[in-house]
Amino acid sequence: MSDQAAELRKRIDSLRSIKQAKTIAIISGKGGVGKSNFALNFSLALSQKEKKVLIFDLDIGMGNIDILLGVSAKYSIVNLFDEHLSIHDIIEQGPHNLSYIAAGSGLSDIFSMDEEKFQYFLEELKQLINGYDFIIFDMGAGVTEGSMYFMLAADECFVVTTPEPTSLTDAYAIIKHITQKNRDVNLRLLVNRALNHKNGLNTMNRMQHVIKRFLNVQINPLGILPDDRTVSEAVISQVPFLLFDQKSSVARAITQIADQYTGQDINIEKKVPSFFLSKLRKLIKER
């Protein structure tokens, strides 16, 4: 029995030595809450901390990561299938060594593909898992059957909302939808466009209380971003707000969120495999 226990510990230790990316799905209940802007600038904040980050725009047909970066992506996820490219061929490079994959258009839903194409997609995705510290999926607003698989398979889901009542209602709805599928999903809440810190904190506390009371689910706070005109100015200039004005209140806030997040997360240093692809395959098989 002791030999079996020793062998089990050895296998666990070998798994922990494998570097695998932490996968994060960034979601929102409705559009227009600044989800993609947060996804991009949070990814950049991690990159500035010398983390290797890939942001994967999965808002197919509506993606705008390349637009927010002010670049014209040479390839997108569509080219992966239409031209049978390697996933490494469609990865573009952004500032501070940030890697990204553009969403493109002409592909309605990855999960509506035939089995052969979908297996090809999974095999290509597999090549990325060991090459990054973080893979961040910028999901489309709301939830579809296809996007739900990514949300359930990812290590964490970041839910982006604003203090507006309609945004809060839609955020609650998507959280309810996810937790009905799996109550063990790791959720964090980001309050965007808070009028001030008190307004953001009240919104955070109210959402946590409602979710706990009616869904009996714990959602952890990720942080609060202020309503800062720098964001709209940066969007017009097609420069991420973190780079547009590093001294702005919103840039300082997202840097602080990235600092706190990486400081809190022990898995980032231990590199415990997430088995994201295994979970994704299982969910697709069971559909």
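Residues numbered from 1 in each chain as written. Predicted model: local features only at pLDDT ≥ 70, side-chain atom pairs only at ≥ 80, totals over all residues. Heavy atoms only, no water.

## Some remarks on the pattern of salt bridges
On inspection of all chains with the given rule, the structure shows six salt bridges. Between Glu 123 and Arg 281 there is a salt bridge whose closest N-O contact spans 2.8 Å. Of this pair, Glu 123 sits in helix 5 (residues 115-129) while Arg 281 sits in helix 13 (residues 276-285); the two residues are 158 residues apart in sequence, bridging distant segments of the chain. Using a relative accessible area of 29% as the deciding quantity, one classes Arg 281 as partly exposed. (Salt bridge = Lys/Arg side-chain N within 4 Å of Asp/Glu carboxyl O. Helix = DSSP H or I, 4+ residues; strand = E, 2+ residues; numbered from the N terminus. Buried < 20%, exposed > 50% of the residue type's maximum accessible area, 1.4 Å probe, protein only.)

## Re helix 2 (residues 35-48)
Its 14 residues place the ends of helix 2 20 Å apart at the C-alpha level, agreeing with the 20 Å of an ideal helix rising 1.5 Å per residue. The element helix 2 is extensively covered by neighbouring structure, given that 13 of its 14 residues are classed as buried. Glu 50 lies just past helix 2 and shows a positive phi near 65 degrees. (Expected span 1.5 Å × (residues − 1).)

## Section: the packing of aromatic side chains
Per the counting criterion, the structure on display carries 12 aromatic pairs. Both rings, one in Phe 38 and one in Phe 158, keep their centres 6.5 Å apart while their planes meet at 55 degrees; by these two values the pair is tilted. With Phe 38 in helix 2 and Phe 158 in strand 6 (residues 156-161), this residue pair connects regions lying 120 residues apart in the sequence. With a relative accessible area of 1%, Phe 38 lands in the buried category. Both rings, one in Phe 137 and one in Phe 276, keep their centres 5.4 Å apart while their planes meet at 25 degrees; by these two values the pair is stacked. One end of the pair, Phe 137, is in strand 5 (residues 134-139); the other, Phe 276, is in helix 13, with 139 residues separating them in the sequence. A single burial state applies to Phe 137 and to Phe 276, both of which are buried. (Phe/Tyr/Trp six-rings, centres within 6.5 Å; stacked < 30°, edge-to-face > 60°.)

## Topic: the packing of helix 5 against helix 13
Packing of helix 5 against helix 13 brings their axes to within 10 Å, and their N-to-C directions diverge by 165 degrees. When the interaxial angle is binned, helix 5 and helix 13 end up roughly antiparallel. Where helix 5 crosses over helix 13, the two elements pack in a sense that is right-handed. Contacts between helix 5 and helix 13 involve Phe 118, Gln 119, Leu 122, Glu 123, Leu 125, Lys 126 and Ile 129 from the former and Phe 276, Leu 277, Leu 280, Arg 281 and Ile 284 from the latter. A per-class count over the contact of helix 5 with helix 13 returns eight nonpolar, one polar and three charged. (Axes fitted to C-alpha atoms, helices over the stretch in contact; angles between N-to-C directions. Parallel < 35°, antiparallel > 145°, perpendicular 65-115°, else oblique. Left-handed = near helix turned anticlockwise from the far one by under 90°. Contact = heavy atoms within 4.5 Å. Nonpolar A, V, L, I, M, F, W, Y, C, P; charged D, E, K, R; others polar.)

## Here we look at the sheet that holds strand 4 (residues 99-101)
Judged by pairing direction, the sheet is mixed, and its eight strands sit side by side in the order 3-4-2-5-1-6-7-8 without closing on themselves. Where the open sheet ends on each side, the last strands, each with one partner, are strand 3 (92-93) and strand 8 (220-226). Packed onto the sheet, helix 2 meets strand 1 (22-28), strand 2 (53-58), strand 5, strand 6, strand 7 (187-194) and strand 8 and runs at close to 170 degrees relative to strand 5. Relative to the sheet, helix 6 (residues 145-153) contacts strand 1, strand 2, strand 5 and strand 6, its axis offset from that of strand 1 by approximately 135 degrees. (Pairing = 2+ DSSP bridges.)

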